[in-house]
Structures are given as structure tokens and as C-alpha cells.
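Close look at the chain arrangement
Spelled out, the chains give:
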Amino acid sequence: MSNLQSRVAKWDNTKAFLMILVVLGHAIATYIDEIGILSNFFIWLTVFHMPLFMFLTGLFSKSFVNAPRFNGYKIISYVFLYYFIKVTIHFTLLICRGKGNFTLFSEKGTPWYILATAVFMSFTYAVKKLKPANVFIVSVSLSLFIGYADTIGDGLILSRLFTYYPYFFLGYMLDREKLMGIINKKGVRIVSLAVLVIYTFAIFAVGDKLLSLRYVLSGNNPYSEFGADWYPFGAALRFGCYILSSVTGFAVLSVMPNVRIPVFTNIGAKTLTVYSLHRQILYVLQYTVIVPLMAKLSDVSMVLIFVAGSVLISAVLSLKPFEYILYPCTKCNKWINPIIKWLKK
């Protein structure tokens, strides 16, 4: 819906929270070995933030998937956006450190979510007439066993496609109104809050011993990269992550307020813009500001700066002017149609 007032605040608040966690996760990833508490934050948010993000993407994909006609422009816009992010990150790194990271057919970093969304929407459109339960079971089964194939990794983001599709399809399967009715029940909200408190306490109590799980949680690695001790249990670990991500993600949805919050709720309405532009800003800050600050400030001060900075970056990028930067990608039909008409002459 174009009118922000007609949007459901709970969904936008959830997406805003997740978007801030995406920015925070990318901001602290480089420093989790240097500042101990950051490793706890990193694992805490990595368990649920992208799985829930992908779930919500599927939840709101119904208008595209269930449409009688395939909207090719929508998919093209995501592909353009994917390469826009890759190219701008490449040149940002080239300027900041003298070396870029552009690859044509593989992706370890931020842009993967955009391409995965295009693939998931297209694939779900193709299988929408099949029994949803069967599609879901097969997708989960494939994701569990594909990890034993060492050749499936970040090439064409294949590993993440298999790992994250169950989250997307589960979102597509569920009815938004029925889900809202469940997560808004008082008893469910109380239990969800208790779950999150226990989960948070457990993560921070264990400390950085869980940091090795980042390779399991990313969905980007074959089981062979988990280490020899964990390799035989790769499928069990991934299934365990599915359960933990689903429980914590459901809890986050339930406790999220359903009222509009100035600035914060707007971030949730503009997540595509924030997601597409935040990594470039983080790289600039990393090479110009963060490293000097780390030499002067305490670990606690740096954590506060990372959190506050992630909120600020998300809020600024959600402003309307930044949306225009992406228009050549998101509104690609505006310039592709005239070209097609001209070619047909």
C-alpha cells in the first residue's frame, strides 16, 4: 500500500527492528574477534534476523505469486538492484582500501538477499499449483542434505537459496490475518517475552563459545566447513537452527508493538532502500572513523556507538530522497518500456 497510514504497524515495526539488526550485524562482523561482547550480539541476532526477514518477504509475496500473470519487471528490478549493490560496494571498497570485491557469479555479502528474493518469488510462482505442504517438506529436506555437497557454496548463492527457501515458503503459506490473530493473543505474547529473555540470557551466559556457529547460521557454507567434528552432524545442526530460528522469530513477531512509532516505523516501510545502501556507508565509516575510535574508546563505548550508529544509519536512509537513488532499478519498467517500443518500430 502506498499510504503509510494504511499499513499495519506491527509488520513495519518488525521489519524496522530486523533492518537495524542487519545494519548492526554488518557493522560489528569485522570486530567480533576484537571486542568479546560483540560476538554475543552477533550470534544473538544472527539466529533469527535474516530467517525472519525472509519469512516476512514470503508473507508479503502473495500478490506477486498469486497474480494470474507473471510480473517480469518485478524480477528484473531485483536483478538490477542486486548488481547495483554489488557494483557500488565494489567501487566503495576500491576507493576506501584500494581493492574491490566484484564477482559476477558468486556472492558472500549483502546483495545475496536481493537475488534470493527474485529467485524465490519466481520459483514459488512456478510451483504455486502444487500442494504447499509437499513443497515445504521437499524444500526442508533438500536444504538439510545439500550441505553435504562441498561444491554448493556461495557460487550463484546456491547454498543460501536452499537454506533460506523454507523460511520464504513458510511465509508464503501462512495467512497474514490468522497469524496476526495468534501472535497478538495476550498469553502468546507473555510466553514469547519469556522465550526471548531466556534465549538472550543463554546466549550471553555462554559467551563467545558459540561463535563457531556463525558458519552454521549463515547458510552459506557446506557442512565440510563446520569442521571435522561437526561434519557428520551437519543436517542435525541445520535442522536445529531451523527450530531455534523459528521459535525466536515467532517470539519477536509476537512481542513487537502494533502502534506506529515516529521514525522507527518508517524504517520498516523503507527496508529495501536501507538494505541496498547501508553497506556502502558502513565501509566508508569502517575505513575512516571506526578503526581510530577503537584505539581511543572502551569496549562498552564502542558497543553503544555501533548500536546508535545502526539506528541512525537506518533512520537516515529511510528518508525519501534516498529512495530516488534506486529508481533506475526499482522503476525499471519506466525506461525499459520505451526502449522496447522503439525497437519494435
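Refer to the structure above for everything that follows.
If you add up the space inside the largest pocket, you get close to 1,600 Å³. Taken together, 43 residues line the largest pocket, and the ones lying closest to its centre are Arg7, Lys74, Tyr78, Ala269 and Leu272. For the second largest pocket, the calculated volume is near 1,100 Å³. Forming the boundary of the second largest pocket are 34 residues, of which His26, Lys108, Gly109, Thr110 and Arg160 lie nearest the centre. Contributing elements (two or more residues each) for the lining of the second largest pocket: α1 (9-28), α2 (36-46), α3 (49-59), α5 (72-97), α8 (158-173), α11 (214-217) and α14 (271-294). Looking at the lining of the second largest pocket residue by residue, the classes come out as 14 nonpolar, 13 polar and 7 charged.

Under the defined criterion, the tally for this structure stands at 26 aromatic pairs. Summarising the aromatic geometry, the rings of Tyr82 and Tyr83 are spaced 4.8 Å apart at their centres and angled 75 degrees between planes, so their arrangement reads as edge-to-face. Among the residues examined, Tyr83 registers a relative accessible area of 28% and is labelled partly exposed. Measuring from centroid to centroid gives 4.7 Å for Tyr148 and Tyr223, while their planes differ by 85 degrees, and the two rings are edge-to-face. Taken as a pair, Tyr148 in the loop between α7 (132-146) and α8 and Tyr223 in the loop between α11 and α12 (234-255) lie far apart in primary sequence, 75 residues in all. Assessed through its relative accessible area of 29%, Tyr148 is described here as partly exposed. Among the aromatic side chains, those forming a connected cluster through ring pairs are Phe53, Trp112, Tyr113, Tyr164, Tyr167, Tyr242 and Tyr275. Sitting over the face of the ring of Tyr283, Arg279 holds its NZ or CZ atom 4.1 Å from the ring centroid. For Lys331, the ring lying beneath its charged end belongs to Tyr327, and the centroid distance is 5.5 Å.

Rules used throughout
- Sequence order sets the numbering: in each chain, residues are counted from 1 along the sequence as written.
- For a predicted model such as this one, the threshold for reporting local features is a pLDDT of at least 70, and the threshold for listing and counting side-chain atom pairs is 80 or more; totals across whole chains, interfaces and linings nevertheless cover every residue.
- Water and hydrogen atoms were dropped before computing side-chain values, which therefore reflect all heavy atoms in the structure.
- Throughout, the protein atoms alone are placed on a 1 Å grid, and a set of points is a cavity if a 1.4 Å probe fits but cannot get out or a pocket if it is open with protein on both sides within 12 Å along at least five of seven lines; lining residues have an atom within 4 Å of a point.
- Grid points are joined across faces, edges and corners, and a volume is the space filled by probe spheres set on the points.
- A run of DSSP states H or I qualifies as a helix once it reaches four residues; a run of E qualifies as a strand once it reaches two. Both are numbered from the N-terminal end.
- Residue polarity is assigned by list, with Asp, Glu, Lys and Arg as charged and Ala, Val, Leu, Ile, Met, Phe, Trp, Tyr, Cys and Pro as nonpolar; anything else, Gly included, falls into the polar class.
- Only Phe, Tyr and Trp rings take part, Trp by its six-membered ring, and two of them pair if their centres are within 6.5 Å. Stacked means planes under 30 degrees apart, edge-to-face means over 60, and tilted covers everything else.
- The buried label applies to any residue whose accessible area, calculated with a 1.4 Å probe on protein chains only, is under 20% of its type's maximum; exposed applies above 50%, and partly exposed to all values in between.
- For a ring to carry a charge above it, either NZ of a lysine or CZ of an arginine must fall within 6 Å of the ring centroid while also lying within 35 degrees of the normal to the ring plane.

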